[in-house]
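Chain residues, written in single-letter form:
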Amino acid sequence: MEIACNVTRQAPLIAHLVNLATAQWRGGARTDPLDGDALTSAFAESLSQRHSAALRATPDAGRSLAALAGELREALLAGSPAARAQHINALIRRYSAQPYLVEDVDQPFHLHFHGQGGTEVDALGGEFAAALALIVDGYGPERFGECQAHQCEAVYIDLTRNGSRRYCSASCTARAKTAAYRSRQQGGAAATHGDGATS
Ligand SMILES: [Zn+2]
């Protein structure tokens, strides 16, 4: 269960980083992908105080975070299960992800996958690569996708029981439902783009 807990914590962080740094459309609006210090500050807000401080203290964190986000997006949206696995294995190697047990103040021994001796971004890369591998192992390789709502390029990681997720957020789910309702009313073409394969 520790592994599942770890994955549950990492999955939204992974999607958040990818979306901050790579999506040009989010939730129906044009948006500028973040880079440099803006990316570091925005992403640091979603980390614990200790990790947030370590990230802000990392020289040139924004650039390496953006590179990590690009690699994660490629892995998530690779065209086949085999390609996704290949990308994830490459990330595990690049960020030297390696399981080891840690005992924190409020938690019993649990697994971490920080790379060895790297920066905070390298540590995040190791944790995220391992989390993606555990998701594929535990949930299968079809749990990653790009939001199917109109004008949204955000990615999602689907940890639902039945693997039914198609949208990045509750607001995109609502937008898509409204669009589908309107298109049924008009009897015209759907305003959402394709609802087929997510890869
Ligand atoms: Zn969306």
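Structure: see above.
As the structure is a prediction and not an experimental result, all values here were calculated from the model. (Residues numbered from 1 in each chain as written. Predicted model: local features only at pLDDT ≥ 70, side-chain atom pairs only at ≥ 80, totals over all residues. Heavy atoms only, no water.)

### A look at the overall build of the protein chain
So, point 1. Helix and strand content of the protein chain: seven helices and six strands.
So, point 2. For the protein chain, the N- to C-terminal ordering of α and β elements is α-β-β-α-α-α-α-β-β-α-β-β-α.
So, point 3. Of all 199 residues assigned to the protein chain, the portion counted as buried reaches 39%.
So, point 4. By sequence separation, contacts in the protein chain at least 24 residues apart represent 54% of the contacts at least 6 residues apart.
So, point 5. Element-wise, carbon and sulfur atoms account for 52% of the exposed surface of the protein chain, whose accessible area totals about 10600 Å². (Helix = DSSP H or I, 4+ residues; strand = E, 2+ residues; numbered from the N terminus. Buried < 20%, exposed > 50% of the residue type's maximum accessible area, 1.4 Å probe, protein only. Contact = heavy atoms within 4.5 Å. Areas by Shrake-Rupley, 256 points an atom, 1.4 Å probe, with all protein chains shown as cover.)

### Regarding unusual backbone geometry
For residues other than glycine, phi is negative in most cases, and the peptide bonds are mostly trans.
So, point 1. The phi dihedral of Ser96 falls on the positive side, at around 50°, and the residue is not glycine.
So, point 2. For Ser96, the location among the structural elements is in the loop between α5 (81–94) and β3 (100–102).
So, point 3. Unlike most non-glycine residues, Gln151 shows phi in positive territory, near 55°.
So, point 4. Mapped onto the elements, Gln151 comes out in the loop between β5 (144–146) and β6 (155–157).
So, point 5. The class for Gln151 is partly exposed, based on a relative accessible area of 31%.

### Description of the coordination of the zinc ion
So, point 1. Protein-derived coordination of the zinc ion comes from Cys147 (SG), Cys152 (SG), Cys168 (SG) and Cys172 (SG), at a distance range of 2.3 to 2.4 Å.
So, point 2. In the primary structure, the donors to the zinc ion are separated according to the pattern C-x4-C-x15-C-x3-C. Of the two residues, Cys147 sits in the loop between β5 and β6 while Cys172 sits in helix α7 (residues 170–186), which places them 25 residues apart along the sequence.
So, point 3. For Cys147, a relative accessible area of 0% corresponds to the buried category.
So, point 4. Residue class for Cys172 comes out buried when judged on its relative accessible area of 0%. (Donors = N, O, S within 2.8 Å, 3.2 Å for Na, K, Ca; no water.)

### Regarding the side chain of Gln10
So, point 1. Tracing the chain through its elements places Gln10 in helix α1 (residues 2–22).
So, point 2. A relative accessible area of 8% means that Gln10 is categorised as buried.

### Considering the environment of Leu101
So, point 1. Looking at where Leu101 falls in the secondary structure, it is placed in strand β3.
So, point 2. Taking the C-alpha atoms as reference points, Leu101 and Leu111, ten residues apart in sequence, are found 4.7 Å from one another.
So, point 3. Filtering out sequence-adjacent residues up to four positions away, Leu101 remains in contact with Phe109, His110 and Leu111.

### What to know about the environment of Arg143
So, point 1. One can find Arg143 in the loop between α6 (120–139) and β5.
So, point 2. Separated by 20 residues in the primary sequence, Arg143 and Gly163 have C-alpha atoms spaced 6.7 Å apart.
So, point 3. Contact partners of Arg143, with chain neighbours within four places excluded, come to Ile135, Tyr156, Ile157, Asp158, Leu159, Thr160, Arg161, Asn162 and Gly163.
So, point 4. Among the polar contacts listed, one links the side chain of Arg143 to the backbone oxygen of Thr160, at a separation of 2.8 Å. (Polar contact = N/O pair within 3.5 Å; in protein donor to acceptor, adjacent residues only side chain to side chain.)

### Side note on the packing of aromatic side chains
So, point 1. Within this structure, the stated rule accounts for one aromatic pair.
So, point 2. Arranged with centres 6.5 Å apart and planes meeting at 85°, the rings of Phe43 and Phe128 form a pair that is edge-to-face. Separated by 85 residues along the polypeptide, Phe43 in helix α2 (residues 36–44) and Phe128 in helix α6 bring together distant segments of the chain. Here Phe43 matches Phe128 in class, with each residue buried. (Phe/Tyr/Trp six-rings, centres within 6.5 Å; stacked < 30°, edge-to-face > 60°.)

### Digging into the pattern of salt bridges
For side chains bearing opposite charge, pairing can occur when the charged atoms are close.
So, point 1. Summed over all chains, the structure comprises five salt bridges.
So, point 2. Taking the shortest distance from any N to any O, the salt bridge between Arg63 and Asp60 comes out at 2.8 Å.
So, point 3. On the basis of relative accessible area, Asp60 is assigned to the partly exposed category, the value being 46%.
So, point 4. Close ionic contact of Glu71 with Arg94 constitutes a salt bridge, the shortest N to O distance being 2.0 Å. Here the residue Glu71 occupies a position in helix α4 (residues 61–77), and Arg94 occupies one in helix α5, the gap between them amounting to 23 residues.
So, point 5. Judged by relative accessible area, which is 53%, Arg94 ranks as exposed. (Salt bridge = Lys/Arg side-chain N within 4 Å of Asp/Glu carboxyl O.)

None of this, on its own, says anything about what the molecule does.
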